[in-house]
Amino acid sequence: MPDLKLATETFDALYKNSLNPPGVTRAPYGKGEDMAHSLIHEIATSLNLDISVDFAGNQYVTLPGQDPNLPAVFIGSHMDTVPHGGNYDGAAGVIMGLTVLQHFRKIAWQPPQDITVMAIRAEEALWFSAPYIGSRMAFGRLPIEDYDTLERFDTGLSLGTHIGEAGFNIAALKSGKSWLTADHIRCFIEPHIEQGPTLVDAEVPVGIVTGIRGNLRYRDCKVHGVYGHAGAVPRESRSDALFAAVDFANTLERHWDDYDASGIDFVCTIGEFFTDPEHHGMTKIPGDVRFTMDIRSLDSKILISTHKALQKKAAQIASSRNVKIELGQFREAKPAIMNKKLREIFYRCAEKLDIAVMPISSGAGHDCATFANEGIPCAMIFVRNENGSHNPNEKMEMSDFGEATQLLTSFIESLD
Ligand SMILES: [Zn+2]
């Protein structure tokens, strides 16, 4: 049974050193994330584990196996947080991995193959407006132009500048070099806190993830109409940007209705929706509306077909309402289905250990999706967590973390 003293102390140290009330802030390539990586380095050193750091600053802590040529088992998650976030989103996965390695050191078990805990950089999409940056860089999969075009929202500095200033190898990254290759990784396991209420509501401590929804994100949708007097312009002469935008939003929700009726996994959100405060007014027909759109599904075909249908519908609404609708650029993150065999091993171990588990899908994106898209067998386990994530009120009980850690330990021991 793994000892949780180190994990508890590490969570406390992380919290204390990245406290930024309310909550904690560990900005990618900022003070908080650097501190977290130093802490992981310290722990790995104290446990006499091998440490390496890639071109992008992702850190790898390895318990060497009997045969170093066999593909390694990877356990990983990210160390960055959103601004004023909680202490567990991301960090819990890395700390769980280290707790498992500490246990194997203590019982002097040498696994058949290397077991590597990966502490990943820059996962939170909010900072640079792009998901899974750290894990994609590890595989040389980040588009080269992103190093110059992605800017951290608070500093205004480019990703490349941040990486260079942090002392990592931007030249290697820009040449498209990869640090990791799929054939060196047997499987990737990401433990993470649950970010919704499912496990809390079901009173189950651990979830076995079925898949991670992919998404299409549109940050800059625009409807252009014509400003006009609220009383003087007759209906047929209007180009009302707002009613057109509302019409479009309704269309999106009708799509959702259809998917629900057919049992298709889908969610969508218009998180921002506004007229221009510089020009709008109570007695003015709105001439401009901007909005964002986020659509997610476990099925990439659904995402693509929805995109096409929305474009068509936008053109129809634009012509019937005499406005212009631009959905603008969108970013895509592909869905990732978790490996069935790995999930079965988790279920078997849970039964043996008498730990209650349940299947659960992940609405949020995770680094695990990067590995799955490389063709690497992947699994995720969720630890029950109250109050959601990305906020200071994340609440994971150490007893739940302990059960999940026990499950992960048993899983790794069961791999043949
Ligand atoms: Zn996370």
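This structure is a prediction, so every number in the text was calculated from the model and none was measured.

Moving on: the overall build of the protein. Regarding its fold elements, the protein presents 14 helices and 17 strands. Over its C-alpha atoms the protein spans a radius of gyration of 23 Å, differing by no more than 12% from the 22 Å that the globule rule assigns to 416 residues. Counting only C-alpha atoms, the protein reaches 85 × 50 × 40 Å along its principal axes. Scored against the burial criterion, the 416 residues of the protein give a buried share of 44%. Long-range pairs, those at least 24 residues apart, make up 77% of the contacts in the protein with a sequence separation of at least 6.

Pairing between strand E1 (residues 50-53) and strand E2 (residues 59-63): 4 bridges, direction antiparallel. Residue pairing across strands places Asp-50 opposite Thr-62, the latter belonging to E2. In this structure, the hairpin formed by E1 and E2 is closed by a connection of 5 residues, where Gly-57 is found at a positive phi of approximately 95°.

Let us now look at the environment of Gly-86. Among the structural elements, Gly-86 can be located in the loop between strand E3 (72-78) and helix H3 (91-106). By the C-beta count within 10 Å, which is 26 here, Gly-86 ends up buried. C-alpha of Gly-86 to C-alpha of Ile-75: the two residues are 11 residues apart in sequence and 21 Å apart in space. Leave out the neighbours within four places in its chain, and Gly-86 touches Gly-23, Val-24, Ser-389, Asn-391, Pro-392, Asn-393 and Glu-394.

Here we take up the domain arrangement of the protein. As far as domains go, the protein holds domain 1 (5-213 + 335-414) and domain 2 (214-333). If you average the C-alpha positions of domain 1 and of domain 2, the two centres end up 35 Å apart. Taken together, the contact between domain 1 and domain 2 spans 10 residues of the former and 12 residues of the latter.

Cis peptide bonds are those with omega within 30 degrees of zero, and the linkage from Pro-21 to Pro-22 qualifies with -10°. Within the fold, Pro-22 resides in the loop between helix H1 (5-18) and helix H2 (31-46). Within the chain, Asn-322 stands out as a residue other than glycine whose phi angle is a positive 60°. For Asn-322, the position within the fold is in the loop between helix H11 (300-321) and strand E13 (324-326). We classify Asn-322 as partly exposed; it has 14 C-beta atoms within 10 Å.

Here we take up the environment of Thr-283. Its place among the elements puts Thr-283 in the loop between strand E10 (273-275) and strand E11 (284-285). Look at Thr-283 and you get exposed, because 8 C-beta atoms sit within 10 Å. Separated by 185 residues in sequence, Thr-283 and Leu-98 place their C-alpha atoms 61 Å apart.

Helix-helix packing is characterised by the crossing angle of the two axes and by the distance between the axes. Interaxial distance between H3 and helix H14 (residues 398-414) falls to 10 Å at its minimum, and their mutual angle equals 55°. Taken together, the axes of H3 and H14 are oblique relative to one another. Seen from above, H3 lies across H14 with right-handed handedness. On H14, the residues touching Ala-92, Met-96, Thr-99, Val-100 and His-103 of H3 are Phe-401, Ala-404, Thr-405, Leu-408, Thr-409 and Ile-412. Here the residues of the contact of H3 with H14 sort into 7 nonpolar, 4 polar and no charged.

Moving on, we come to the packing of helix H10 (residues 241-261) against H11. As a packed pair, H10 and H11 sit with axes 10 Å apart at the nearest point and diverge in direction by 150°. By the criterion of interaxial angle, the relationship of H10 to H11 is roughly antiparallel. When the axes of H10 and H11 are compared, the crossing they make is right-handed. From H10, Phe-243, Ala-244, Asp-247, Phe-248, Thr-251, Leu-252 and His-255 reach across to H11, where they touch Thr-306, Ala-309, Leu-310, Lys-313, Ala-314, Ile-317 and Arg-321. A breakdown of the residues in the contact of H10 with H11 according to their chemical character gives 8 nonpolar, 3 polar and 3 charged.

The next thing to look at is the nonpolar core. Among soluble globular proteins, nonpolar side chains are generally buried collectively. Ranked by internal contacts, the top residues of the largest apolar core, which has 84 residues, are Cys-378 and Ile-381. Residue contributions to this core peak at 8 residues, all from H3. Apart from the residues lying within four places of it in its own chain, the contact partners of Cys-378 are Cys-187, Phe-188, Ala-336, Met-338, Asn-339, Cys-368, Phe-371 and Ala-372. Cys-221, Ala-241, Ala-244 and Val-323 belong to the second-largest nonpolar core, a separate cluster that totals 17 residues.

The first and last C-alpha atoms of H1 sit 20 Å apart over 14 residues, in line with the 20 Å expected at 1.5 Å per residue. Along H1, the positions that sit buried rather than exposed are Ala-7, Thr-10, Leu-14 and Ser-18. Along the long axis of H1, the arc covered by the buried residues comes to 65°, so they all point the same way. Seen from the buried face of H1, the exposed residues on the opposite side, beyond 90 degrees, are Lys-5, Asp-12 and Lys-16. Tucked inside the fold, the buried residues of H1 contact H2, H3 and H14.

Here is what the cut-offs are and how they apply
Going along each chain's sequence as written, the residues are numbered from 1 onward. Local features in this predicted model are restricted to residues whose pLDDT is 70 or higher, and side-chain atom pairs enter the listing and the counts only when it is 80 or higher, whereas totals over whole chains, interfaces and linings include all residues. Strands here mean DSSP runs of E at least two residues long; helices mean DSSP runs of H or I at least four residues long; both are numbered from the N terminus. We compute the radius of gyration over the C-alpha atoms and compare it with the globule rule, which gives 2.2 Å times the number of residues raised to the power 0.38. Counting other C-beta atoms within 10 Å of its own, a residue is labelled buried from 20 upward, exposed at 12 or fewer, and partly exposed in the gap between, with every C-beta atom placed from the backbone. In this description, a residue-residue contact is defined by the distance between C-beta atoms placed from the backbone, which must lie within 7 Å. When DSSP finds two or more bridges between two strands, those strands count as paired. Each domain span listed reflects an automatic or database assignment of domains. Only the contacting stretch of a helix is used when fitting its axis, a line to C-alpha atoms as for every element, and angles between N-to-C directions run 0 to 180 degrees. Here the angle decides the label: under 35 degrees means roughly parallel, over 145 means roughly antiparallel, 65 to 115 means roughly perpendicular, and every other value means oblique. Handedness of a crossing is defined here by the sense of rotation of the near helix relative to the far one, left-handed for an anticlockwise turn of less than a right angle and right-handed for a clockwise turn. For this classification, the nonpolar set comprises Ala, Val, Leu, Ile, Met, Phe, Trp, Tyr, Cys and Pro, the charged set comprises Asp, Glu, Lys and Arg, and every other residue, Gly included, is treated as polar. Think of a nonpolar core as buried Ala, Val, Leu, Ile, Met, Phe, Trp, Tyr and Cys residues, each tied to the set through C-beta atoms within 7 Å. By this rule, a helix spans an expected 1.5 Å times one less than how many residues it contains. Note that the arc is defined by the directions from the helix axis to the C-beta atoms.

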